[in-house]
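# Examination of the molecular architecture
Residues per chain, in single letters:
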Amino acid sequence: MWRFIRAMFDGLFLRCPSCHKGAMFRSFSEMNQQCAHCGNWFERSSGEITGGMGINIVVTLLLVIMASAIVGFSTLPVLPSILTLGVATILFPILFYPISRGLWASLIYLTGDNEEPDEGMY
Ligand SMILES: [Zn+2]
């Protein structure tokens, strides 16, 4: 359990889940393929980016649903609330993008799928 929590925190803070030192990203949107310290693969197979996108979509939807429920049951003015939610729905997934990929890379590390080379197209 501790290994899982530690790997998720490493993914959250964009560190290598194996050595806890290497940076996952070289810039805001560019992920390193391997850790510079230990050589751990972050997203080895093509198409791994879809896992991070899935995490991003689920977290964004959950937050929007919760925020919409809060706004719906409150006495806040409707139009500014809808505009704020709309802007947040666009901006949050962009800002959450590296973290969602980091979390996915940590999940891949925990399952050991980053050890297998990409077999390419069938
Ligand atoms: Zn590492």
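Below: a short report on this structure. (Residues numbered from 1 in each chain as written. Predicted model: local features only at pLDDT ≥ 70, side-chain atom pairs only at ≥ 80, totals over all residues. Heavy atoms only, no water.)

### Re the pattern of salt bridges
Heads up, the condition is: Salt bridge, as used here, is a side-chain nitrogen of Lys or Arg placed within 4 Å of a carboxyl oxygen of Asp or Glu. Relative accessibility decides the category of a residue: with a 1.4 Å probe and only protein chains considered, values under 20% of the type maximum give buried, values over 50% give exposed, and everything between is partly exposed. Numbering of helices and strands runs from the N terminus, with a helix taken as a DSSP run of H or I at least four residues long and a strand as a DSSP run of E at least two residues long.
Here the structure, examined in full by the defined rule, presents 3 salt bridges. For glutamate 30, the salt bridge is made with arginine 26, and the minimal N-O distance between the two is 3.0 Å. Judged by relative accessible area, which is 52%, arginine 26 ranks as exposed. Arginine 101 is the partner of glutamate 43 in a salt bridge, and the nearest nitrogen-oxygen pair spans 2.6 Å. Residue glutamate 43 is located in the loop between helix H1 (2–12) and helix H2 (49–72), and its partner arginine 101 is located in helix H3 (residues 78–111); the two are separated by 58 residues in the primary sequence. Each member of the pair, glutamate 43 together with arginine 101, is buried.

### A word on H1
Heads up, the condition is: This arc is built from the directions going out from the helix axis to the C-beta atoms. In this description, contact between two residues means that some pair of their heavy atoms is separated by no more than 4.5 Å.
Restricting attention to buried positions, one finds in H1 the residues Ala7, Met8, Asp10 and Gly11. Buried positions in H1, seen along its axis, are confined to an arc of 160° and lie on one side of it. Along its buried surface, H1 packs onto H3. Leucine 14 sits one or two positions beyond H1 and adopts a positive phi of about 60°.

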